[in-house]
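# What the coordinates show
Below are the chains, spelled out letter by letter.
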Amino acid sequence: MDEQTKSWRIVAVRRLSEAQLKSLSEVAEVDYFEDVDESNRADFMTALSKAHGLIGGKLELDETMLAEAPELQVVSTISVGYDHLPLEALNRRGILLCNTPDVLTETTADTAFALIMATQRRLVELASLVRDGGWRAHIGAEHFGVDVHSKTLGIVGAGRIGTAIARRGALGFGMPILYTASSSKTALEQQLGAQRRELNDLLAESDIVCISVPYNDDTHHLIDADALARMKPTAALINIARGKVVDEPALIEALRCSGIRAAGLDVFAEEPLPANSPLAAMNNVVMTPHIGSATHETREAMAQLAVVNLLGALIGSGPLNAVNVNDWLRSAANAKEA
Ligand code: NAP
């Protein structure tokens with residue numbers, strides 16, 4: 001091991017296994033934080049000020065913190081989404097950002113389908129009825145759900161996860177698939193008979209609308225009051241992407257006044273969901289606490305990929321997944337010229 005390798009320092013935050021920490025510590029000094037809060041923020045910042053690499057889930061990082069981390073070369077997030085990280089500031093400082101796509105795709109699609117099933121068949125509401133002793137006679141139409149099979153499934157953002165949801169719908173449940181994306185998806189169209197639509201048309205034609213776009217300036221409140229008004233009153237909205245893709249007050253209003261029938265939500269404008277959110281009192285809403293990728297197998301695979309990304313980037317063999325590689329190369333070239 002050369003001198004450079006031995007002198008690397010890594011700050012690791014949250015949910016790395018002992019084996020993964022061992023892999024990191026074989027090539028670097030590692031400061032591990034189970035969590036970062038007010039009680040240990042100063043220690044975290046001291047560690048970050050000397051770190052070449054930062055790895056973890058739900059990393060909190062901003063421009064001010066980056067200014068205090070002059071050695072930082074790589075940030076490796078244990079997530080596919082990176083909307084919580086300051087991409088422009090990382091680019092300005094020539095810091096490589098790595099994420100963990102693919103390994104969580106199928107699990108997150110499973111979560112979306114769980115929400116589809118639960119929302120259409122009112123599983124949470126009716127399971128509570130049984131548990132709470134409210135099932136005293138044969139149930140009637142007031143407790144009926146609506147079908148999943150054969151209903152039109154609209155995928156807003158047919159990327160990796162959107163495509164996996166579409167596959168479940170088309171092949172498992174005989175659902176016609178509509179989709180939006182920045183570009184046409186020939187394979188999706190040929191293999192599943194999916195049809196691309198403008199967002200407004202997809203909203204108007206779908207029985208179930210499933211959101212799987214990344215969150216950014218373009219997708220902020222993509223589903224607002226106007227969009228919700230275009231949906232069928234019998235339709236359900238499923239969101240496994242990010243809470244702020246949907247205008248939450250507008251969604252609450254649409255659910256309240258029967259603008260749409262139901263919603264299945266894994267993500268929220270504010271997380272954890274405030275206890276006084278009107279959503280919490282709505283029977284036609286199924287909610288999960290941001291568990292898209294939260295299985296033992298998948299979280300392990302994500303953390304492992306994040307470790308490989310970080311070490312690959314530091315050692316120079318190359319990370320498997322880099323979000324901003326072009327900006328990073330540009331910044332490296334500029335630094336060489338200077
Ligand atoms: P992805 O492969 O990049 O897919 C995103 C899709 O959205 C792409 O098809 C893209 O189109 C499309 N898109 C982007 N902007 C759009 C817009 N303005 N209008 C319509 N479509 C647009 O990403 P992924 O791996 O499927 O992940 C999607 C998101 O899911 C992540 O960014 C993350 O926020 C979220 N997520 C949540 C959880 C959870 O725990 N709930 C877990 C994993 C991921 P093109 O293909 O044409 O570029």
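My aim in this report is to walk through the structure given alongside it, one point at a time.

Rules used throughout
Residues numbered from 1 in each chain as written. Predicted model: local features only at pLDDT ≥ 70, side-chain atom pairs only at ≥ 80, totals over all residues. Heavy atoms only, no water. Near = heavy atom within 4 Å. Polar contact = N/O pair within 3.5 Å; in protein donor to acceptor, adjacent residues only side chain to side chain. Nonpolar A, V, L, I, M, F, W, Y, C, P; charged D, E, K, R; others polar. 1 Å grid on protein atoms, 1.4 Å probe; cavity = no way out; pocket = protein on both sides within 12 Å on 5 of 7 lines; lining within 4 Å. Points joined across faces, edges and corners; volume = space filled by probe spheres on them. Helix = DSSP H or I, 4+ residues; strand = E, 2+ residues; numbered from the N terminus. Buried < 20%, exposed > 50% of the residue type's maximum accessible area, 1.4 Å probe, protein only. Contact = heavy atoms within 4.5 Å.

Here we come to the site of the ligand. Contacts to the ligand come from 26 residues, most closely from Ile161, Ser183, Lys185, Ile240 and Asp266. A distance of 3.3 Å is found between an oxygen atom of the ligand and a backbone nitrogen or oxygen belonging to Ala158. Between the ligand and the protein, one listed contact pairs an oxygen atom with a backbone N or O atom of Gly292 at 3.2 Å. Residues belonging to the shell around the ligand are distributed by class as follows: ten nonpolar, twelve polar and four charged.

Under the defined criterion, the tally for this structure stands at two cavities of 30 Å³ or more. As for the largest cavity, its lining consists of Val13, Arg14, Val36, Arg41, Phe44, Lys58, Leu59, Glu60 and Met65. Looking at the lining of the largest cavity residue by residue, the classes come out as five nonpolar, no polar and four charged. Of the voids in this model, the second largest cavity is the one considered here, and its volume is about 40 Å³.

Here the focus is the environment of Asn239. One can find Asn239 in strand S10 (residues 236–239). On the basis of relative accessible area, Asn239 is assigned to the buried category, the value being 1%. Residues Asn239 and Pro86 lie 153 residues apart in sequence; the distance between their C-alpha atoms is 23 Å. Excluding anything up to four places from it in sequence, Asn239 contacts Ile211, Val246, Gly264, Leu265, Asp266 and Val267.

All we've got here are geometric facts, nothing functional implied.
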